[in-house]
Structures are given as C-alpha cells and as structure tokens.
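# Structural characterization, general
The primary structure of each chain is shown beneath.
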Amino acid sequence: MEYVNPLTGFRVDGRRPNEMRQLKAEVGVVARADGSALFEMGNTRVIAAVYGPREIQNKGQQVNNKEALVRCEYRMAEFSTGDRRRKPKGDRRSTEISLVIRQTMEASILKDLMPCSQIDIFVQVLQADGGTRSACINAATLALADAGIPMRDIVTSCSAGYLCSTPLLDLNYVEDSAGGPDVTVGILAKMDKVTLLQMDAKLPMDTFESVMGLAIEGCKAIATYIREVLLENTKRLECQRG
Amino acid sequence: MAATAMDHDGGDMVTPGELLGNSLTLVAGRGAYTEGRSVRASVTGHRRIVPPAPGSDDQRSTVEVVGHKAHGAVPQPGSIVIARITKVMARMASADIMCVDSKAIKEKFTGMIRQQDVRATEIDKVDMYQSYRPGDIVRAVVLSLGDARAYYLSTAKNELGVVSAQSIAGGTLVPISWTEMQCDLTGQIEQRKVAKVE
C-alpha cells in the first residue's frame, strides 16, 4: 500500500510528510479533579485528570520520604478502538504505557517541594487513532499545569515514522499499523532536554537522526500551542474572578 | 479589587519552564526555581519582582510567579494547622488536619499529638482525656513530617490548643481559663487545653 503518494507527496489522510494533525486542547474539564485537560491530536482524544498533592494512601508504596510519590494510570475506554476492547487496563501494553508516562512526568515535577504526599495522574483514551502515548503525555502536562503543581518545564511528546523512504510526522493508526518504525519522543520544551525516547522496529542510524529531529520539531510546535492554551486559560480565569 | 491590582504589577504572564532571569541577579521565590545559572518559572501565572529586604546580605531581588491556582497545601514543619481530633488515647491523640496556614485543603492529612507535646510545663503529668476530646477543633504547629502514619503536631504554646468544641450536652463550650471551658446551655465546666485567641 502506498502511504505516501509518489506524484503528489500526500499521505493517506491528505497531509504532507512534515505536517502534524490538528491539535485541540481544553483545560478544566473535570470539575472534581485538582487539574484536568482534554487533548486531541486529529482523531485521537485523550482526557487527563490530576489529583494532588494529597496524603499518601498506601504507605507501603512510599520509597523516599523527602519527595512526593507520583502515580499514573493509563486506560483505554472500551469504545476507543474499532473493535470493542475486552480488557481496558491491566494488560501489558497499558501497564507499560502507564510506567512510561509516569517516568516522563516525574522528570519534570519538582517533587521535593511536596514531601510525604502523593500526586495521581489518570489518563483515559476516549478515541484511539495512533499516537495515544504522545497525546496522553501532552494532556497530562496540561492537567498538571492546571492543578498548579510546580514543574521544571512543559513536557510535550510527538511521534514520527519512516514509510516509503520518507520521514513522516505524527502517525495515525493506519500508518502506525503499517509495520514501519515508530519513534516517540518526549522533550522538556524550553530546556531542550529529552525525557522519553522509544522506538519499535529498526532504523539505520542516519535515518533515525532525521526521524528523531522531525519528532522534536513536532514536540516544539505542540509546546507553543500548549503555552498559548495555558495563558488563555489563566486570562479567562482572571477575568471571571474580577 | 485592590488584590487584583497588586497581582498585575510586574505584568507579564509566564508558563512553566520560561526563563525569568539570571541567578546572579535574581533569587528564585515561590513559583520559580533555579537551574544552574538560570531562574525559571515552575507554575503558570504573573511574574512579580520583590525588592531585597533592606538589612540582608544578599542584595538580589526575588522573583515570584503568582499563579491563579496554587496547588493544595502540604503541611511543612513550622506551619500552623487547624485539625479536628478523631481519637484520644492514653499517650496520644489523632487528628485530621483540615487547614494549613489558613488555607483549607481538599483532602485531609493525618496528624498526631503526643503526650509530651500537649503543653510546655509538667509534660509527664498530662492527662490526654482532660486536654482533648474527639470532635474538638484545635490549632497546632507541625513539629516534623513524623513517621509513615502521621505528622507530629504540638500545642505547647499559649496560642495553640482547643479553639472550638462541643459540650456533652450539645452546646458550644466557651473558654474560661487555660484549662477549663464552660457549656453555654448547661453551665457545666469541662477540662481542655485551651488556646488563647486574640
């Protein structure tokens, strides 16, 4: 199947190889949570809710007394994929992605400002169309910023692949299931540091560098958008407060 | 209205990770942190510069980021908390911390007042049942992060202790001395460690 049209250069959904899907974000969607956000990348929709810092519920899990404990849970709604999912959480993929998101966000949260407490991040995929991992990290960043939890920097994530000898930015489900390499990158936007780098399949080294570079540019574009959303949200709250 | 005017001085809004200045000329205050040579914001909000205190050695200004929604407070050693007593035992009392430094928190933290921390004098002769009863609201200071189960609290000062309580008859208790409170319905006197409220 041709994922990139040789004549026009368009992908299966009409995008150019270095074009990202349309982004849409909304902050404060879950009223009960301390912070929450809804993040959409094309057809992938993800909702994140953050609770904390609050008292540690399970003292056995606390490793370091001087830092906050960060917990993360990733779930996919049963209706999020084409066929109704049997096991929304607890399967290996969900456990792995929960761990990945937790480690990525832990690198940014200033944990030692909130000792002896716990921060819970819950992400749920409402609609899955490729790139759910990245959308979850972006939604979690927005939710943490909405909750006022101090962070080093905004963490953004984007994926890129390599099909038909072209680096492609932000793969959707069709392109992801093509079997080609899929590189997911998470960065601290302003500080230019990588916190997440995952790839499946194999790539030669120089191709990998160009694909990773493309993903990092995508991350920076998402960071600019997230920053605008946060500033907009703060202005709106200030107007409401009077 | 006056509060909003103060929030806006210094003006521009920043998001986490944005560079606020150099650590040679600025000290990171609330909402900001230092990384190497640079001072960056850690929350979303307005940047505000606070001039240095006139007598201090360090003549750098402090930069703060005032957010619209600060994260829920976490008790720190030295902070004054308001707690409700849940259990009274022979040598300690358990309490649910509800406010930290005059900021209410959404979910409670557990605190513990030990026998030797109830008051400052004659600490080995303290009778816990005559100092606190379950349901009393007390003002206490956080001594330390404590063990895995609870924060350690202390009421060993004049202004700390029972602030509000209900009597056995159901009326409100009114303080009449350091150690006694009187019910306003029946006139019965009950023993408590009373806080001196200004």
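Residues numbered from 1 in each chain as written. Chains lettered and ligands numbered in written order. Predicted model: local features only at pLDDT ≥ 70, side-chain atom pairs only at ≥ 80, totals over all residues. Heavy atoms only, no water.

### Brief notes about the interface of chain B and chain A
In this complex, chain B contributes 35 residues to the contact, which on the side of chain A involves 38 residues. Carbon and sulfur atoms make up 54% of the area that chain B and chain A hide from each other, which totals about 3,100 Å². The largest per-residue losses of area from chain B upon contact with chain A belong to M13(B), H68(B) and H71(B), which jointly make up 20% of the total buried on that side. Our count for the chain B to chain A interface comes out at 4 salt bridges. We note a salt bridge from E107(B) to R54(A), for which the minimum N-O separation is 2.7 Å. Counting across the interface, chain B meets chain A through 8 residue pairs in polar contact (both at pLDDT 80 or more). Breaking the side of chain B that touches chain A down by element, the ones donating at least two residues are α1 (2–7), β1 (13–14), β4 (32–35), β5 (38–41) and β10 (103–114) of chain B. Tallying contributions element by element places β10(B) first for the side of chain B that touches chain A, with 5 residues. (Contact = heavy atoms within 4.5 Å. Buried area = accessible area lost by both parts, 1.4 Å probe. Salt bridge = Lys/Arg side-chain N within 4 Å of Asp/Glu carboxyl O. Polar contact = N/O pair within 3.5 Å; in protein donor to acceptor, adjacent residues only side chain to side chain. Helix = DSSP H or I, 4+ residues; strand = E, 2+ residues; numbered from the N terminus.)

### So, unusual backbone geometry
For the peptide bond that leads from G52(A) to P53(A), omega is -5°, which places it in the cis range. Inspection of the secondary structure puts P53(A) in strand β3 (residues 44–54). Despite not being glycine, C116(A) has its phi angle at roughly 60°, a positive value. On the secondary structure map, C116(A) appears in the loop between α1 (92–106) and β5 (118–127). Look at D101(B): it is not a glycine, yet its phi comes out positive at around 55°. If you trace the backbone, D101(B) turns up in the loop between β9 (92–100) and β10.

### A closer look at the sheet that holds strand β2 (residues 19–22) of chain B
Residue and element names in this part refer to chain B. In spatial order, the strands read β2-β5-β4; together these 3 strands make up an open sheet with antiparallel pairing. With one partner strand each, in any of the chains shown, β2 and β4 form the two edges of the open sheet. Within the sheet, the average angular offset between the axes of one strand and its neighbour, ignoring direction, is 30°. For β4 and β5, the ladder comprises 4 bridges, and the chain directions are antiparallel. In the strand pairing of β5, Y33 is matched with R40. (Pairing = 2+ DSSP bridges. Axes fitted to C-alpha atoms, helices over the stretch in contact; angles between N-to-C directions.)

### Here we look at α1(A)
Residues and elements named next belong to chain A. Helix length check: α1, at 15 residues, gives a terminal C-alpha distance of 21 Å against a target of 21 Å (1.5 Å per residue), a fit within 8%. S94, I97, S98, V100, I101, T104 and M105 are the residues of α1 that are buried. The arc that holds every buried residue of α1, seen down its axis, measures 165°, which confines them to one face. Packed against the buried residues of α1 are β4 (69–76), β5, α2 (132–146), β6 (155–163) and β9 (193–200). (Expected span 1.5 Å × (residues − 1). Buried < 20%, exposed > 50% of the residue type's maximum accessible area, 1.4 Å probe, protein only. Arc of directions from axis to C-beta.)

### Describing a nonpolar patch on the surface
Residue and element names in this part refer to chain A. Nonpolar side chains collect at one region of the surface, where M1, V12 and V174 lie side by side and expose about 290 Å² of accessible area between them. Along the chain, M1 turns up in the segment before β1 (23–27). Among the residues examined, M1 registers a relative accessible area of 69% and is labelled exposed. (Patch = residues over 30% accessible without salt bridge, like charges linked within 9 Å, V, L, I, M, F, W, Y side chains within 5 Å. Areas by Shrake-Rupley, 256 points an atom, 1.4 Å probe, with all protein chains shown as cover.)

### Some thoughts on the UniProt feature "domain: Exoribonuclease phosphorolytic" (unreviewed entry) in chain A
Taken from the UniProt record, the annotation "domain: Exoribonuclease phosphorolytic" (unreviewed entry) applies to residues 19–150 and 153–217 of chain A. Within the segment residues 153–217 of chain A, helix and strand shares are 26% and 43% respectively, and the terminal C-alpha atoms sit 17 Å apart. (UniProt positions renumbered as here; feature names shortened; annotations may be inferred.)

### Some details on the packing of aromatic side chains
Considering all chains together, one arrives at 2 aromatic pairs over all chains under this definition. Consider the rings of Y51(A) and F122(A), whose centres lie 5.9 Å apart with planes at 65°: the pair is edge-to-face. Taken as a pair, Y51(A) in strand β3 and F122(A) in strand β5 lie far apart in primary sequence, 71 residues in all. For Y51(A), a relative accessible area of 14% puts it in the buried group. Taking the relative accessible area as the measure of exposure, F122(A) reaches 28% and is therefore partly exposed. On the numbers, 5.8 Å between centres and 80° between planes, the contact of F109(B) with Y151(B) is edge-to-face. Note that F109(B) is positioned in strand β10 and Y151(B) in strand β12 (residues 151–154), a separation of 42 residues in sequence. Across the pair, exposure class does not vary: F109(B) and Y151(B) are buried alike. A cation sits over an aromatic face here: R114(B) above Y152(B), 4.2 Å from the ring centre. (Phe/Tyr/Trp six-rings, centres within 6.5 Å; stacked < 30°, edge-to-face > 60°. Lys NZ or Arg CZ within 6 Å of the ring centre and 35° of its normal.)

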